Amino acid sequence: ALHIARPLLIAEMASLPAPTRSLVSQLRILWSDMNSAHPGGSPAPTEELVTYSRRCGAEMYLCAEALQSEVAAAAAAGGDRSEEEELEAELQRTQWATCIWELATLMLVQRPLVAGECLLPWWHRHLCDPMAEEAAHGLVAAAAPEAQGAYWPTLAGLVAQGKTRLAGDLLRAHSALRAGGGDGGGGGGGG
């Protein structure tokens, strides 16, 4: 079956963008290095596995950077949008693969005693929108921020990122809360 699969694999590889082909090649080299360091499938120490995993992750980041450059070049060239869309899809797959790779390394190889301390930097690196804070400041200053298409996604992103103070500011900027005095309709009278 290998003699049939090999030409198919070569044909499939040829259809991939150059950065992805380079990534596959580099990961194969790393895999070979690890296998030659541990013949017969002998287990590797955790520190060595973490090192190999980080090297694989670095290769994935390099691939994503190169794909981002190719997406920008395809967009600047104009013309057929399908090539740009294919590159964007490959970039997104590579970014998600990197995200999952780092999570697997964190939880299955490093195995921290307190996962939360390790998950927070991973969460911020892969799942937080760095532009949400800037967008929120712009929305808070708007006359009717809820009329903007970015209002609810930005609010949800801020909550997910744990930026509750800024999320509260954005909620208070909603025109329904501004009209009611910003107290959420609770009246404000003590009693």
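Quick caveat, the model's predicted, so the values are computed rather than measured.

Moving on, we come to the confidence of the model for the protein. Put simply, the protein has an average pLDDT of 85, and 88% of its residues get 70 or more. Model confidence for the protein, summarised as mean pLDDT per element, is weakest for helix H1 (residues 2–14) at 63 and strongest for helix H3 (residues 46–77) at 94. Low pLDDT, under 50, characterises residues 184–191; the predicted model gives this stretch two contacts beyond four residues in sequence or across chains.

Next up on the list: the pattern of salt bridges. In total, this model carries eight salt bridges according to the counting rule given. Here Glu90 and Arg93 are joined by a salt bridge, their closest N and O atoms 2.6 Å apart. You can see Glu90 and its partner Arg93 sitting in helix H4 (residues 81–110), three residues apart, about one turn around the helix. Judged by relative accessible area, Glu90 falls into the buried class, the value being 9%. A salt bridge links Lys163 to Glu133; the nearest nitrogen and oxygen atoms lie 3.0 Å apart. In this pair, Lys163 is assigned in the loop between helix H7 (151–160) and helix H8 (164–172) and Glu133 in helix H6 (residues 132–141), connecting sequence segments 30 residues apart. The exposure class of Lys163 is partly exposed, given its relative accessible area of 27%. On the accessibility criterion, Glu133 (35% relative accessible area) is partly exposed.

Basis of the calculations
Residues numbered from 1 in each chain as written. Predicted model: local features only at pLDDT ≥ 70, side-chain atom pairs only at ≥ 80, totals over all residues. Heavy atoms only, no water. pLDDT = per-residue confidence, 0-100. Helix = DSSP H or I, 4+ residues; strand = E, 2+ residues; numbered from the N terminus. Contact = heavy atoms within 4.5 Å. Salt bridge = Lys/Arg side-chain N within 4 Å of Asp/Glu carboxyl O. Buried < 20%, exposed > 50% of the residue type's maximum accessible area, 1.4 Å probe, protein only.

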